[in-house]
Amino acid sequence: FRNAPHEHPFRAQTKLPLEAEELGFDWLGSLEHHFADYAMCPDNTQYLSYIAAKTKKIKLMTAAIILPWNDPLRVVEKCIMLDILSDGRLLVGFGRGLSPLEFGGFRVDMTYSREMFDEAAAMIQRGLETGIVEGDGKFFKQPRYEVRPRPERSFKDRICMVGMSPSSVEIAGPLLAVLFMADAGLGLLTKAAPSLNVFSLGFPLKIFITLSLIGVTFVALPDAMSNLLDKISNNTDVVSAVFSTKQ
């Protein structure tokens, strides 16, 4: 796919998620990445709206919306609309980003990514529950506005966070978010976990399969894995870690 026009792999890998529901997968997640071949999905809410229209049961996860690159008010609006269109199947995932290329493209100083994430996440979480977005923080000055459409249902237990460090665990706890951590962060988490005491393995381990070109992730219990493995090419990563930060 590397030398092919971008629309070819994009369309090819958009077809596979439509089979995931029939194969028994629980969630389908889409990344947000910009400006490079690592993943071609600059707007995961738009992508998941397309998937929502063609599926009925599989849960849809933004994995993740990168908060320093997005206006909190717009995030609330997009997520509420997607949740209504999908009949409550949305899992809202947040991240703070890690690529200097992407931060540069959005003219955002990466130095402040953690502070921006913390400020935006709290605003968005309140907005998803109440339909009202407001803030007077260091980075986001948002007058009080009520969005349309209003949220149809609560997002409690449907907030997720992508993390790679022990500090991510500390942030996810107060947000009552589920933390998704790849293998690269497991060593750090293991060292921090005894003192942090904010996560537990309270449900069965699930398996991730990621399609690298457009950043689509499938999540399923192991017994659903064999059917889909035959359909996935060698450009996939398998990550086997899911942590819940809720006591």
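Every value quoted in this text rests on a predicted model; they were computed, and no experiment measured them.

Conventions used here
- Residues numbered from 1 in each chain as written.
- Predicted model: local features only at pLDDT ≥ 70, side-chain atom pairs only at ≥ 80, totals over all residues.
- Heavy atoms only, no water.
- Buried < 20%, exposed > 50% of the residue type's maximum accessible area, 1.4 Å probe, protein only.
- Helix = DSSP H or I, 4+ residues; strand = E, 2+ residues; numbered from the N terminus.
- Arc of directions from axis to C-beta.
- Phe/Tyr/Trp six-rings, centres within 6.5 Å; stacked < 30°, edge-to-face > 60°.
- Core = buried A, V, L, I, M, F, W, Y, C linked by side-chain atoms within 4.5 Å.
- Contact = heavy atoms within 4.5 Å.
- Salt bridge = Lys/Arg side-chain N within 4 Å of Asp/Glu carboxyl O.

Asks: Can you explain helix 3 (residues 44-54)? Please cite residues and give values.
Replies: Helical geometry: 3.6 residues make up each α-helical turn, so side chains three or four residues apart lie on a common side. Every buried residue of helix 3 is accounted for by Asn44, Thr45, Tyr47, Leu48, Ile51 and Ala52. Each buried residue of helix 3 lies within a common arc of 155 degrees when the element is viewed along its axis, so the set occupies one face. Away from its buried face by more than 90 degrees, helix 3 exposes Gln46 and Ala53.

Asks: Tell me what's going on with the packing of aromatic side chains, and back it up with residues and numbers.
Replies: Overall, the coordinates contain 4 aromatic pairs when judged by the stated rule. Taking the centre distance of 5.5 Å and the plane angle of 45 degrees together, the rings of Phe35 and Phe106 count as tilted. Taken together, the residues Phe35 in the loop between strand 1 (27-30) and helix 3 and Phe106 in the loop between helix 5 (100-105) and helix 6 (113-130) connect sequence positions 71 residues apart. Under the relative-accessibility criterion, Phe106 is labelled partly exposed at 25%. Centre to centre, the rings of Trp69 and Phe103 are 5.4 Å apart; their planes meet at 75 degrees, and the pair counts as edge-to-face. Of this pair, Trp69 sits in the loop between strand 3 (65-66) and helix 4 (72-85) while Phe103 is found in helix 5, placing the two residues 34 residues apart along the sequence. The same class applies to Trp69 as to Phe103, namely buried. Each residue in the set Phe35, Trp69, Phe103 and Phe106 is aromatic and connected to the rest through ring pairs, giving one cluster.

Asks: Which residues make up unusual backbone geometry, and what values go with them?
Replies: A cis amide bond links Ala63 to the next residue, Ala64, at an omega of 15 degrees. Residue placement: Ala64 occurs in the loop between strand 2 (59-62) and strand 3. A cis geometry characterises the amide bond from Arg148 onward to Pro149, with omega recorded as 0 degrees. Along the polypeptide, Pro149 turns up in the loop between strand 6 (141-146) and strand 7 (159-163). Residue Asp87 is not a glycine yet carries a positive backbone phi of 60 degrees. Relative to the helices and strands, Asp87 is located in the loop between helix 4 and strand 4 (90-95). Residue class for Asp87 comes out exposed when judged on its relative accessible area of 62%.

Asks: A description of the nonpolar core should follow, citing residues and the corresponding values.
Replies: The biggest cluster of nonpolar side chains holds 39 residues, and the ones touching the most others in it are Leu67, Val92, Phe94, Ile124 and Leu128. For this core, the secondary structure elements donating two or more residues are helix 3, strand 3, helix 4, strand 4, helix 6 and strand 7. Among the elements that make up this core, the one with the highest residue count is helix 6 (7 residues). With near-sequence residues (within four places) excluded, Phe94 lies in contact with Ala64, Ile65, Leu67, Phe117, Ala121, Ile124, Ile159, Cys160, Met161 and Val162. If you look at the next biggest cluster of nonpolar residues, it comprises 5 residues, including Trp27, Ala63, Leu91 and Cys160.

Asks: Any details on the pattern of salt bridges? Residues and values, ideally.
Replies: Inspection of every chain in the model, using the stated rule, returns 10 salt bridges. The residue Lys141 makes a salt bridge to Asp136 at a minimum N-O spacing of 3.3 Å. A single burial state applies to Lys141 and to Asp136, both of which are exposed. Glu146 is the salt-bridge partner of Arg148, the closest N and O atoms lying 3.8 Å from each other. Classification of Glu146 by relative accessible area gives partly exposed; the value is 38%. Here the residues in one salt-bridge network are Asp83, Glu152, Arg153 and Arg158, joined through shared partners.

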